[in-house]
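# Survey of secondary and tertiary structure
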Amino acid sequence: MSGALQSAGYLARRAAQKERVRILYRRALKDTLNWAVHRHLFYKDADDLRQRFEANKHVEDLDRIDRMIDEAEAAYNKWRHPDPYIVPWAPGGSKFCRNPTPPPGIEIVYNFGREENE
Amino acid sequence: MALRTAVLRHIRVPAQTLTLTGSKQQQWSLSGSFRFMSSHDDHLTREDVIERVLSVVKSFPKVDPAQVTPEVHFQKDLGLDSLDNVEIVMALEEEFKLEIPDKEADKIDTCNLAIEYIYNHPMAS
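Residues numbered from 1 in each chain as written. Chains lettered and ligands numbered in written order. Predicted model: local features only at pLDDT ≥ 70, side-chain atom pairs only at ≥ 80, totals over all residues. Heavy atoms only, no water.

Chain B appears in an unreviewed UniProt entry as Acyl carrier protein from Melia azedarach.

As annotated in an unreviewed UniProt entry, chain A is NADH dehydrogenase [ubiquinone] 1 beta subcomplex subunit 9 from Melia azedarach.

Below, the structure is given as structure tokens:
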């Protein structure tokens with residue numbers, strides 16, 4: 001029973017670590033594109049980033065993995081781009097909250113001010 | 001307190017406002033269904049989404065294009081790993097000019113899920 005519990009705990013911890021790594025890789029990859037700007041620069045940087053992740057692919061020790069993820073997240077936070085690209089409609093983007101749909105029931109009066117003439 | 005919870009458990013408020021605003025919105029969109037110079041109304045058709053998602057997945061360097069179908073699972077069927085999955089989702093984001101939150105992007109692991117998500121996203125273009 002305790003063995004099953006232990007392995008369940010192990011699997012849960014592994015799953016949490018895998019998720020952290022995936023999200024860290026996603027953020028780091030986006031940030032690489034922010035720093036590189038041009039595609040031909042980005043491809044090389046992205047390859048380098050991937051290699052840094054692949055280098056520690058086979059680490060098994062859970063505490064060591066946790067420590068490495070912590071370090072990597074700290075490094076990511078340190079080198080985060082100050083002005084990242086944000087899709088225009090997303091929060092923080094240049095089109096965010098601009099030109100919103102009018103509330104229901106609002107309509108345009110086309111002959112406004114000239115109602116008597118017609 | 002117990003009485004309050006008992007009452008709250010049995011009380012039902014008919015959700016009329018939702019349907020009301022829904023029908024009003026419908027009227028509004030009928031009266032002015034085309035918003036001139038607006039980029040919000042170029043909805044993608046489902047076939048369009050499927051075709052573009054498949055073309056993105058096929059052009060991923062580690063994927064054999066012949067194996068790609070709309071039902072394919074990135075890691076189980078195409079032999080990719082989780083980091084490749086992240087790269088594919090990012091490529092899809094760029095293709096459709098989307099910004100998918102990290103937690104949701106993390107859950108997209110099949111072509112079908114990607115197609116569903118993008119087709120139902122109001123800002124996909």
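Next comes the rest of the account.
## Topic: the overall build of chain B
The line we're drawing: Strands here mean DSSP runs of E at least two residues long; helices mean DSSP runs of H or I at least four residues long; both are numbered from the N terminus. Should any heavy atoms of two residues lie within 4.5 Å, those residues are counted as being in contact. A 1.4 Å probe and the Shrake-Rupley method give the accessible areas. Residues count as covered only by the protein chains that appear here.
Check the secondary structure of chain B and you find six helices and zero strands. Secondary structure of chain B in N-to-C order comes out as α-α-α-α-α-α. Intrachain contacts of chain B at a sequence separation of at least 6 include 54% that bridge at least 24 residues. In the structure as shown, chain B presents an accessible area of about 8300 Å², 58% of it carried by carbon and sulfur atoms.

## A word on the interface of chain B and chain A
Accessible area lost during the coming together of the parts is what is often quoted as the interface size. The cut-off we apply is this: Buried area is a sum: the accessible area each of two parts loses on coming together, probed at 1.4 Å, counted once for each and added. Throughout this description, the term salt bridge denotes a Lys or Arg side-chain nitrogen within 4 Å of a carboxyl oxygen of Asp or Glu. Three classes are used: nonpolar for Ala, Val, Leu, Ile, Met, Phe, Trp, Tyr, Cys and Pro, charged for Asp, Glu, Lys and Arg, and polar for all others, with Gly counted as polar.
Of the residues lining the interface, 27 residues belong to chain B; the matching set on chain A comes to 27 residues. Contact between chain B and chain A buries roughly 2400 Å² in total, counting both sides, with carbon and sulfur atoms accounting for 55%. At the surface where chain B touches chain A, the tally comes to ten salt bridges. For E87 of chain B, the salt bridge identified is with R50 of chain A, shortest N-O distance 3.0 Å. The element that contributes the greatest number of residues to the side of chain B that touches chain A is helix 4 (residues 82-95) of chain B, accounting for nine residues. Taken together, the residues that form the side of chain B that touches chain A break down as ten nonpolar, four polar and 13 charged.

## Quick notes on the environment of D106 of chain B
The criterion, for reference: Only protein chains enter the accessibility calculation, which uses a 1.4 Å probe; a residue is then buried when its area is under 20% of its type maximum, exposed when over 50%, and partly exposed in between.
By the secondary structure assignment, D106 of chain B is in helix 5 (residues 102-107). Given the relative accessible area of 17%, D106 of chain B is considered buried. Taking the C-alpha atoms as reference points, D106 of chain B and N85 of chain B, 21 residues apart in sequence, are found 8.6 Å from one another. Ignoring anything within four residues of it in the chain, the contact list for D106 of chain B reads E19 and R22 of chain A.

## Comments concerning the pattern of salt bridges
If you walk through the whole model with that rule in mind, you get 21 salt bridges over all chains. Ionic pairing is found between R20 of chain A and E73 of chain A, a salt bridge with its closest N-O pair at 3.1 Å. Of this pair, R20 of chain A sits in helix 1 (residues 2-36) while E73 of chain A sits in helix 3 (residues 62-78); the two residues are 53 residues apart in sequence, bridging distant segments of the chain. Among the ionic contacts, a cluster of salt bridges with common partners joins R50, E54 and K57 of chain A together with K62, D81, D84 and E87 of chain B.

## Remarks on the packing of aromatic side chains
All names here are of chain A. The condition that has to hold: Planes of paired rings set the category: under 30 degrees apart is stacked, over 60 is edge-to-face and the rest tilted, where pairs are Phe, Tyr or Trp rings (Trp by its six-membered ring) whose centres lie within 6.5 Å.
Inspection of every chain in the model, using the stated rule, returns two aromatic pairs over all chains. Arranged with centres 4.9 Å apart and planes meeting at 75 degrees, the rings of Y25 and F53 form a pair that is edge-to-face. Remark: F53 occurs in helix 2 (residues 39-55) and Y25 occurs in helix 1; sequence separation between them is 28 residues. Taken as a pair, Y25 and F53 share a single burial class, namely buried.

## Brief notes about unusual backbone geometry
Of note, the phi angle at V37 of chain A is positive, near 65 degrees, even though the residue is not glycine. The residue V37 of chain A is located in the loop between helix 1 and helix 2 in this model. At K97 of chain B, a residue that is not glycine, the phi angle is positive and equals roughly 50 degrees. In this fold, K97 of chain B is placed in the loop between helix 4 and helix 5. K97 of chain B gets classed as exposed once you look at its relative accessible area, which sits at 51%.

## Describing the packing of helix 1 of chain A against helix 3 of chain A
Residue and element names in this part refer to chain A. Convention followed: All axes are obtained by fitting lines to C-alpha atoms, using only the stretch in contact for helices, and the reported angles, taken between N-to-C directions, cover 0 to 180 degrees. Working definition: roughly parallel below 35 degrees, roughly antiparallel above 145 degrees, roughly perpendicular at 65 to 115 degrees, and oblique for all remaining angles. Crossings are assigned a handedness: left-handed for a near helix turned anticlockwise from the far helix by less than a right angle, right-handed for a clockwise turn.
At a closest axis distance of 11 Å, the pairing of helix 1 and helix 3 adopts a crossing angle of 20 degrees. Our classification of the angle between helix 1 and helix 3 gives roughly parallel. Judged by the twist between their axes, the crossing of helix 1 over helix 3 is left-handed. Across from Y10, R13, R14, Q17, R20, V21, L24, R27, A28 and D31 in helix 1, the residues of helix 3 making contact are L62, D63, I65, D66, I69, D70, A72, E73 and Y76. Along the lines of polarity and charge, the residues of the contact of helix 1 with helix 3 split into nine nonpolar, one polar and nine charged.

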